[in-house]
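Residues per chain are reported as follows:
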Amino acid sequence: MLRFEDIVFGPVHSRRLGSSLGVNLLPPGGKLCNFDCIYCECGWNRDGQGGGRMPDEASVRAAMQARFPVLAEEGIRVDSITFSGNGEPTLNPDFAAIIDTTIEMRDRYFPDASISVLSNATMTFRPDVLAALKKVDNPILKIDAPTDAGARIVNRPSAGYHVADIVRNLSAFGGDFVLQTMFLRGAGCDPADAGWLGGWMEIVEKLHPREVMVYTIDRETPEKGLEKLSAEEMERLVRPLADKGFNIQIRG
Ligand code: SF4
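Residues numbered from 1 in each chain as written. Predicted model: local features only at pLDDT ≥ 70, side-chain atom pairs only at ≥ 80, totals over all residues.

1. Thoughts on the nonpolar core
Link 1 in the chain: Membership of the largest hydrophobic core comes to 65 residues, with the highest contact counts inside it found for L25, I81, L141, L179, M213, V214 and M234.
Link 2 in the chain: Among residues more than four places away in sequence, those in contact with M213 are R16, I140, V178, L179, Q180, Q249 and R251. (Core = buried A, V, L, I, M, F, W, Y, C linked by C-beta atoms within 7 Å. Buried ≥ 20, exposed ≤ 12 C-beta atoms within 10 Å, placed from the backbone. Contact = placed C-beta atoms within 7 Å.)

Here it is in structure tokens:
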């Protein structure tokens, strides 16, 4: 499973984001998330949170200060500074301050780079998290299932998660965000199921994100027996939305 030891890692090549310099706001070597997705590349929560703590703003600033000027001086291309790492970045209590620091560092060392945050959107009820996500170039926010029952299968969220709450919070973006959805088959999930697909499409139509990123499993998953969907099938499933003019990117 994929777990990071450093606050700043990479850059790694991402098909979506180009040369992506990662930032991990979770403890090193473990996983910390309020979801426990059956496809999570970091494994199950029960496999451990690692020994350390979440880095505070000062530690993130120091890590960026140690790496960014070196990479810039070496002429290493950075297209995106990307918050991903060992779990859900917005759980870090300093998330909003860290975004301000990142904007400052990006402007100084990689002025052409975007800032991207991959998030499960659960903390968007907090005004500081919502405001910070609105400041970044690419808030990439996850809704995998159209119902709470579906989310309990695919995302296994901690108590209190309701898809309707997330949809309401995301409407505050006025469509200026990227919606990310995993399409996989197995364990009771099937994006081709008429109810599942129709419910998801209703959410997309309601939120009207500037981009919808549909992807499927790519690496080993903690839950066994999950099936990847082909790019052709995903394209076929989302075609009614594409025909209506939605910007849908498929990652097969
Ligand atoms: S939200 Fe992301 S980090 Fe959290 S369990 Fe799901 S895939 Fe893993």
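2. Comments concerning the sheet that holds strand β2 (residues 18–23)
Pairing between sheet strands relies on hydrogen bonds along the backbone, with the strands arranged either parallel or antiparallel.
Link 1 in the chain: With mixed pairing, 8 strands are arranged side by side in an open sheet as β1-β2-β3-β4-β5-β6-β8-β10. Strands at the two margins of the open sheet, each flanked by one partner only, are β1 (8–14) and β10 (248–251). Shown here is a sheet whose adjacent strand axes are inclined to one another by a mean of 25°, direction ignored.
Link 2 in the chain: Pairing geometry for strand β4 (residues 114–119) and strand β5 (residues 138–142), over 4 bridges, is parallel. Each residue of the ladder has a partner; that of S119, found in β5, is L141.
Link 3 in the chain: Contacts from helix α7 (residues 231–243) reach β8 (211–215) and β10 within the one sheet, and its direction differs from that of β10 by about 170°. (Pairing = 2+ DSSP bridges. Helix = DSSP H or I, 4+ residues; strand = E, 2+ residues; numbered from the N terminus. Axes fitted to C-alpha atoms, helices over the stretch in contact; angles between N-to-C directions.)

3. As for the site of the ligand
Link 1 in the chain: In the neighbourhood of the ligand, the contacting residues comprise C33, F35, D36, C37, C40, C42, G87, E88 and N120.
Link 2 in the chain: Within the shell around the ligand, the residues separate by chemical class into 5 nonpolar, 2 polar and 2 charged. (Near = placed C-beta within 6 Å. Nonpolar A, V, L, I, M, F, W, Y, C, P; charged D, E, K, R; others polar.)

4. Overview of the environment of T221
Link 1 in the chain: Within the fold, T221 resides in the loop between β8 and β9 (227–228).
Link 2 in the chain: Of the residues examined, T221 has 20 C-beta atoms within 10 Å and is grouped as buried.
Link 3 in the chain: Measuring from C-alpha to C-alpha, the distance between T221 and N169 comes to 29 Å, with 52 residues separating the pair along the chain.
Link 4 in the chain: Look past the residues within four positions of T221 in its chain and what remains in contact with it is I38, Y39 and L226.

5. Focus on the pairing of β5
Link 1 in the chain: Most of β5 is tucked away: 5 of the 5 residues are buried.
Link 2 in the chain: Of the two faces of β5, both are covered, the one formed by N138, I140 and K142 as well as the one formed by P139 and L141.
Link 3 in the chain: Running through helix α3 (residues 127–135), the crossover from β4 to the neighbouring parallel element β5 is right-handed.
Link 4 in the chain: In terms of strand pairing, β5 meets strand β6 (residues 178–182) through 3 bridges, oriented parallel. Across the sheet, the residue bridging to L141 is L179, located in β6. (Right-handed = clockwise from strand over helix to strand, strands pointing away.)

6. Description of the pairing of β8
Link 1 in the chain: Judged by how many residues are buried, β8 sits mostly within the fold: 4 of 5 residues are covered.
Link 2 in the chain: Bridging between β6 and β8 involves 5 bridges; their strand directions are parallel. Directly across from M182, in β8, lies its bridge partner Y215.
Link 3 in the chain: Here 4 bridges tie β8 to β10, and the two strands are oriented parallel to one another. By the bridge assignment, Y215 is partnered in β10 with R251.

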